[in-house]
Amino acid sequence: MMRILAISDKINLPRLVAAAKSLNPKELVVITSAEANVPADKLIIAKLGDGLNECWVKLVEEQLDGYDLTMMPSTRNFKEIAARIAARKEIPYLSEVLDVRLEEGIVVSRMIFSGRGIEVLKTQLPAILTLNLDPYEPLEGQPSSVEELEFNCSPQVKLLERREKEAEVDLTKAEVIVSVGRGLKKKEDLDIIRELASLLGAEVACTRPISADFKWLPEERHVGMTGVRVKPKVYLALGISGQIQHVVGFRDAETVVAVNIDPEAPISEVSDYMIVGDLYEVVPKLIEEIKRRKS
Amino acid sequence: MDIVACVKLVYDETQIPLSGDQLLIEEAPVKISDMDKNALEEAVRIKEEKGGTVTVVLVVTGPFDETILKEALAMGADRALIIEGDELVGHNPFRTAQAIAKAIKEKGIGYDLILCGEGSSDQYSCAMPAMLAEMLSLPVATFVGSMEVGEDNVIVERYLEGGFERLEIPLPAIISVTSEVNEPRIPTVIQIMRAGKKEKINVSASELNLSYPQVELVEIKALIKERKREKLEGDPSEVAKKIADILAEKGVI
Ligand SMILES: Cc1cc2nc3c(=O)[nH]c(=O)nc-3n(C[C@H](O)[C@H](O)[C@H](O)COP(=O)(O)OP(=O)(O)OC[C@H]3O[C@@H](n4cnc5c(N)ncnc54)[C@H](O)[C@@H]3O)c2cc1C
């Protein structure tokens, strides 16, 4: 029977607890940084000062003994924390886990090659995992007991500043997405894209060059491996070549419609409908057509 | 400033052929893992500004291709440390980190700064730099999208899901960089040819006495999403109508 330690920030905790509970542990202990309403046997609220990774590492290192499995969300911070603890404790660590099974040790699956493949790995317990929590529904409930833990830590690194990204939009919830790539010639041309999107009640998204290199749209609108993974009913890809790092981001879209001037563009292989044409001709006609049908 | 840049050679994931639900991994060409290129570029830029040396450290965990190694050296590194051996092959960031930690100690490679990519293009575990930091007892900052090296410290900006974190870190330190940190240079053919003459230090894994938690690979499968793949050509107003039909069918308009 398993003892699980789950460590998380506030946002990811309810889904991490769902993931931990799905393994039917004998005991589930949670460490987090703020009060939380999750069905754990024990909830430890750690007071960590600045909350730097270094301090999390020291705290968890002290708490970890006796657990079969330590689980964390696959965020950038926890991927660092988990890896450091695994190195200190010399126990196996597997990251970005999509699925975990108990079976003389554990068997996990994770994405590789930018989403072109899945690998299945097996290792012994005790182990540490960071999980991709997208598949889990948040679980709420009363913890059986709550404890506060004051933790003093003098980190080597110094925190200078934290800035939140102004989250303008959450593309993961969009039902329809109009996405543009480098087929768009200049920033002003986003106007017709926006017009189309608003007619469709869609969100505007883009490939990475549009946000990272040209800065025409904010980072949180870029779809793909290093951006957002979306699952709309319709993903309209305009002037997008279909490189794997982008494609992985819309894998879960129900229907993909692409407009590309190049009939051989790789996007044709990963879309349901590929319109061979110039977006500068097709989009205005599409706007006309939608307006006509709406009136 | 002496800098170590950790570089992994990987199969180019964008060019792996498919056969049914199998990926024909070994038929893909070899490349420098994308973000390791950014790490190496950053190392070379710091050297160009402040002087010093850049050592490329390469653990052969998968494919190896001499030309690609030369390409890395041609970007401006001074020498390469190559760690090889059958037992290094496969997914095990702990083992990779330990091999690097032990090999740079054994060969007396000095460093003020160790740079790595945030994660590799094949496995993307993002674990190795953090593990290496623990093994060398160094401070670490992961997912760094911009950085500025001072006399005895480095100021970094970490790019996180919800925002940014600016940290000051004493040197020596380990930093893993994201692709935003720079635009890697593309070496010329002449530079690549000349790079063949640069120093190469070879280390065999068997010399290093590695001991690490075991991870077993059960299988690899292609992740395929079935799409209709219909191609529509024709006059813009014709195709616009077709798109509108599809949108209507999906209940969008
Ligand atoms: C480590 C790494 C991570 C990455 N992560 C991501 C990521 O998360 N997301 C992402 O998007 N990218 C990512 N990339 C970049 C990715 O590899 C591609 O470079 C990028 O997705 C290409 O963007 P694009 O399709 O807009 O541009 P291009 O590849 O330049 O394609 C433009 C397309 O537009 C078409 N076109 C041109 N004019 C017209 C016209 N008038 N009408 C219609 N079509 C036209 C062209 O035929 C072409 O197919 C990453 C790269 C690396 C190395």
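What counts as what
Sequence order as written defines the numbering, with residues in each chain counted from 1. Each chain takes a letter, starting from A, and each ligand takes a number, starting from 1, following the order in which they are written. Thresholds applied to this predicted model are a pLDDT of at least 70 for local features of residues and 80 or more for the giving and counting of side-chain atom pairs; totals over whole chains, interfaces and linings are not thresholded and use all residues. Remark: hydrogens and water are excluded; side-chain values derive from all non-hydrogen atoms of the structure. Throughout this document, a residue counts as near a molecule or strand when at least one of its heavy atoms sits within 4 Å of that molecule or strand. Whenever two N or O atoms come within 3.5 Å, that pair is a polar contact, provided that in protein one can donate a hydrogen and the other can accept it, and provided that, for residues adjacent in sequence, both atoms are side-chain atoms. All accessible-area figures derive from a Shrake-Rupley calculation using a 1.4 Å probe, and residue coverage is judged against the displayed protein chains alone. Secondary structure elements follow DSSP: runs of H or I no shorter than four residues count as helices, runs of E no shorter than two count as strands, and numbering proceeds from the N terminus. Three classes are used: nonpolar for Ala, Val, Leu, Ile, Met, Phe, Trp, Tyr, Cys and Pro, charged for Asp, Glu, Lys and Arg, and polar for all others, with Gly counted as polar. For the exposure calls, accessible area comes from a 1.4 Å probe over protein chains only, and a residue counts as buried if that area is under 20% of its type's maximum, exposed if over 50%, partly exposed in between. Residue contacts are counted whenever heavy atoms from the two residues lie within 4.5 Å of one another. Each domain span listed reflects an automatic or database assignment of domains. Put simply, buried area is the surface a 1.4 Å probe can reach on two separate parts but cannot reach once they are joined, added for both. For salt bridges, the criterion is a side-chain nitrogen of Lys or Arg within 4 Å of an Asp or Glu carboxyl oxygen. Definition of nonpolar core: a set of buried residues of the types Ala, Val, Leu, Ile, Met, Phe, Trp, Tyr and Cys, connected through side-chain atoms within 4.5 Å. Any two strands with at least two DSSP bridges between them are considered paired. Orientation is described by lines fitted to C-alpha atoms, with helices fitted over the stretch in contact, and by angles between N-to-C directions that extend from 0 to 180 degrees.

A. Structural view of the site of the ligand. Around the ligand sit 29 residues in total, of which Arg182, Thr207, Thr226, Ser241 and Asn260 of chain A are the nearest. What surrounds the ligand is not a single chain but chains A and B. In this structure, a nitrogen atom belonging to the ligand sits 3.3 Å away from a main-chain N or O atom of Ile261 of chain A. Alone, the ligand offers 980 Å² of accessible surface; in the complex the protein occludes 82% of this. Listing elements by their share of the shell around the ligand, those giving two or more residues are α5 (208–213), α6 (244–247), β14 (255–260) and α7 (279–294) of chain A together with α1 (34–50) of chain B. Grouping the amino acids of the shell around the ligand by side-chain chemistry returns nine nonpolar, 14 polar and six charged.

B. Looking closely at the environment of Gly119 of chain B. All names here are of chain B. Turning to its location among the elements, Gly119 is positioned in the loop between β8 (113–117) and α4 (128–135). On the basis of relative accessible area, Gly119 is assigned to the buried category, the value being 6%. Beyond its immediate sequence surroundings of up to four residues, Gly119 is in contact with Ser33, Met35, Tyr124 and Cys126.

C. Region of the structure containing helix α4 (residues 190–200) of chain A. Burial in α4 of chain A covers these residues: Leu190, Ile193, Leu196, Ala197, Leu199 and Leu200 of chain A. Check the buried side of α4 of chain A and you find it contacts β11 (176–180), β12 (203–206), β13 (234–238) and α7 of chain A together with α6 (236–249) of chain B. Within two residues after α4 of chain A, Gly201 of chain A carries a phi angle of roughly 60°, on the positive side.

D. Structural context of the environment of Gly110 of chain B. All names here are of chain B. One can find Gly110 in the loop between α3 (93–106) and β8. For the pair Gly110 and Ile3, spaced 107 residues apart in sequence, the C-alpha separation works out to 8.0 Å. Once residues lying within four places of it in the same chain are set aside, the contact partners of Gly110 are Asp2 and Val4.

E. Spotlight on the domain arrangement of chain A. Residue and element names in this part refer to chain A. Each assigned domain of chain A is listed with its residue range as follows: domain 1 (3–150) and domain 2 (171–294). Between the C-alpha centres of domain 1 and domain 2 the distance comes to 35 Å. Contacts between domain 1 and domain 2 engage five residues on the former and six residues on the latter. Around 440 Å² of area is buried between domain 1 and domain 2 when both sides are counted, 58% of it from carbon and sulfur atoms. Put simply, domain 1 and domain 2 have zero salt bridges between them. Counting across the interface, domain 1 meets domain 2 through one residue pair in polar contact (both at pLDDT 80 or more). Within the side of domain 1 that touches domain 2, the residues separate by chemical class into two nonpolar, two polar and one charged.

F. Quick look at helix α2 (residues 66–74) of chain B. Within α2 of chain B, the full set of buried residues consists of Ile68, Leu69, Ala72, Leu73 and Ala74 of chain B. Immediately beyond the C-terminal end of α2 of chain B, within one or two residues, lies Gly76 of chain B, with a positive phi of roughly 130°.

G. Highlighting the nonpolar core. Core analysis: the biggest nonpolar cluster contains 61 residues, and Ile128 of chain A together with Ile83, Ile100, Ile114, Met131, Leu132 and Ile174 of chain B have the highest contact counts within it. With sequence-adjacent residues up to four places away left out, Ile100 of chain B is seen in contact with Cys6, Val57, Val59, Ile83, Met128 and Leu132 of chain B. In terms of nonpolar packing, the next biggest core, distinct from the first, is built from 50 residues, Leu9, Ile16, Leu23 and Val44 of chain B among them.

H. Representation of the sheet that holds strand β3 (residues 42–47) of chain A within the structure. Here we have ten strands laid out as an open sheet, ordered β9(A)-β3(A)-β2(A)-β1(A)-β4(A)-β8(A)-β5(A)-β6(A)-β7(A)-β14(B), and mixed in their pairing. Unpaired on one side and paired on the other, β9 (146–150) of chain A together with β14 (215–222) of chain B mark the two borders of the sheet. Pairwise comparison of adjacent strand axes, ignoring direction, gives a mean angle of 30° for this sheet. Bridging between strand β7 (residues 117–123) of chain A and β14 of chain B involves seven bridges; their strand directions are antiparallel. When the sheet's bridge partners are listed, Thr123 of chain A is paired in β14 of chain B with Val215 of chain B. Its contacts with the sheet place helix α2 (residues 53–63) of chain A against β1 (3–7), β2 (27–32), β3 and β9 of chain A, and it is angled at close to 160° to β2 of chain A. Helix α3 (residues 76–89) of chain A contacts β1, β4 (69–73), β5 (93–102) and β8 (127–131) of chain A of the sheet and is inclined by roughly 170° relative to β8 of chain A.

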